[in-house]
Amino acid sequence: MGQTSLQWLIFLTSLPSSTTNQASLAVSTSSSQMFEGQSVSLSCEEDDSSAGWTLRRNTTRETRTQCGDGWGRPAGSSCNISRMVQWYSGVYWCESREGATSNSITITVTGGPVILQSPVLPVMEGEDLTLTCKTKTSSNLPAGFYKDGSFIRTEPAGHMTIHHVSRSDEGLYKCNISSAGESPPSWVSVTEKTKTTNPPTTSTLLPPYTTSVIRLVCHLVVFCPYCISTFIMVSLYRHRATGNGLSVAMVMTSPTQAEEGLDDEYDDVITAVTREHHF
């Protein structure tokens, strides 16, 4: 146990200090533990192929060695290891020529009879975590599970599921099969769930002066019809009032002219009668 703790201390303190989102490390196995003699393929999934990403590792025997320098077979930005041995246990990551680094993963290789299958990549907060205790020949044997050295429970089928994990579930896990032995410990990381944000509104996407112009246009669209309709109504009213005045004047003038005509005819009749009388 003392040697194992020392190895874990070396692994954790030798993690790369800087990370970047330009590349991520992918691994062909879903478990952070494997038996000696297994093969594995690791690749740098890169956004910028011109950065020259390569796989590096830290182990108890070497530091920052590159794939192909005595271990692994490089293939572009990937590295294939045909046979894992115990001292290959360590921290693996991708690194560019400029020194930028990707996420790192920890791989544990054991020559023992039992491994704990735990996620090689961090588990997202809120997801389910399944741990499986297995031997080289079976994965359904009863097994006891431990976290940070404390016993959790025994599972008759050899696998334990923690539902809706949180940051408190992060820790060092191992398992034990009484008829076979104990697995090495593996660190299980839990990452914080990404918080969703509301999409920005239109006003936040536009500059302040653009928003003011839009508001002015909206006001004009609302009030212009009102102003136009008011102007039309006033014009119609004035036109109607003027038309009524002319009609009244014409009505008043027509009777006056008729009366004058009647007066003239009356005078003519009187004159004619007078003349006949004198005759």
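It should be emphasised that the depicted structure is a prediction, and the values quoted were computed from it without experimental measurement.

About the cut-offs
Residues numbered from 1 in each chain as written. Predicted model: local features only at pLDDT ≥ 70, side-chain atom pairs only at ≥ 80, totals over all residues. Heavy atoms only, no water. pLDDT = per-residue confidence, 0-100. Contact = heavy atoms within 4.5 Å. Phe/Tyr/Trp six-rings, centres within 6.5 Å; stacked < 30°, edge-to-face > 60°. Buried < 20%, exposed > 50% of the residue type's maximum accessible area, 1.4 Å probe, protein only. Lys NZ or Arg CZ within 6 Å of the ring centre and 35° of its normal. Disulfide = S-S within 2.5 Å. Helix = DSSP H or I, 4+ residues; strand = E, 2+ residues; numbered from the N terminus. Pairing = 2+ DSSP bridges. Axes fitted to C-alpha atoms, helices over the stretch in contact; angles between N-to-C directions.

So, the confidence of the model for the protein chain
Residues with a pLDDT of 70 or more make up 63% of the protein chain, whose mean pLDDT is 78. Every residue in residues 202–206 scores below 50 in pLDDT, and together they form four contacts with partners more than four places removed in sequence or on other chains. Scored below 50 in pLDDT, residues 269–274 shows zero contacts in the model against residues more than four places distant or in partner chains.

As for the packing of aromatic side chains
In total, this model carries three aromatic pairs according to the counting rule given. Judged by centre distance (5.4 Å) and plane angle (65°), the rings of Tyr146 and Phe151 are edge-to-face. Assessed through its relative accessible area of 46%, Phe151 is described here as partly exposed. Stacked on the ring of Tyr88, the Lys or Arg Arg57 has its end atom at 4.2 Å from the ring centre. Positioned above the aromatic ring of Tyr146 is the side chain of Lys174, whose terminal nitrogen or guanidinium carbon lies 5.6 Å from the ring centre.

Here's the deal with the state of the cysteines
Overall, the coordinates contain three disulfides when judged by the stated rule. Two residues, Cys44 and Cys94, share a disulfide whose sulfurs are 2.1 Å apart. Linking Cys44 and Cys94, the disulfide has an S-S dihedral of approximately -100° and is accordingly described as left-handed. A residue pair is termed long-range when its members are at least 10 positions apart, and Cys44 in strand 3 (residues 40–46) and Cys94 in strand 8 (residues 90–95) qualify at 50 residues. You'll find Cys44 and Cys94 in the same group, each marked buried. Once the disulfide-bonded cysteines of the protein chain are ranked by sequence position, their pairing pattern turns out to be 1-4, 2-3, 5-6.

Topic: the sheet that holds strand 1 (residues 23–27)
Strand order in the open sheet formed by four strands is 1-3-7-6, and the pairing between neighbours is antiparallel. Two strands lie at the open edges of the sheet, namely strand 1 and strand 6 (73–75), each paired on one side alone. Strand-to-strand twist across the sheet, computed as the mean angle between neighbouring axes with direction ignored, equals 20°. In this structure, strand 6 lies alongside strand 7 (residues 78–81), joined through three bridges in antiparallel fashion. Considered in strand 7, the bridge of Pro74 is made with Cys79.

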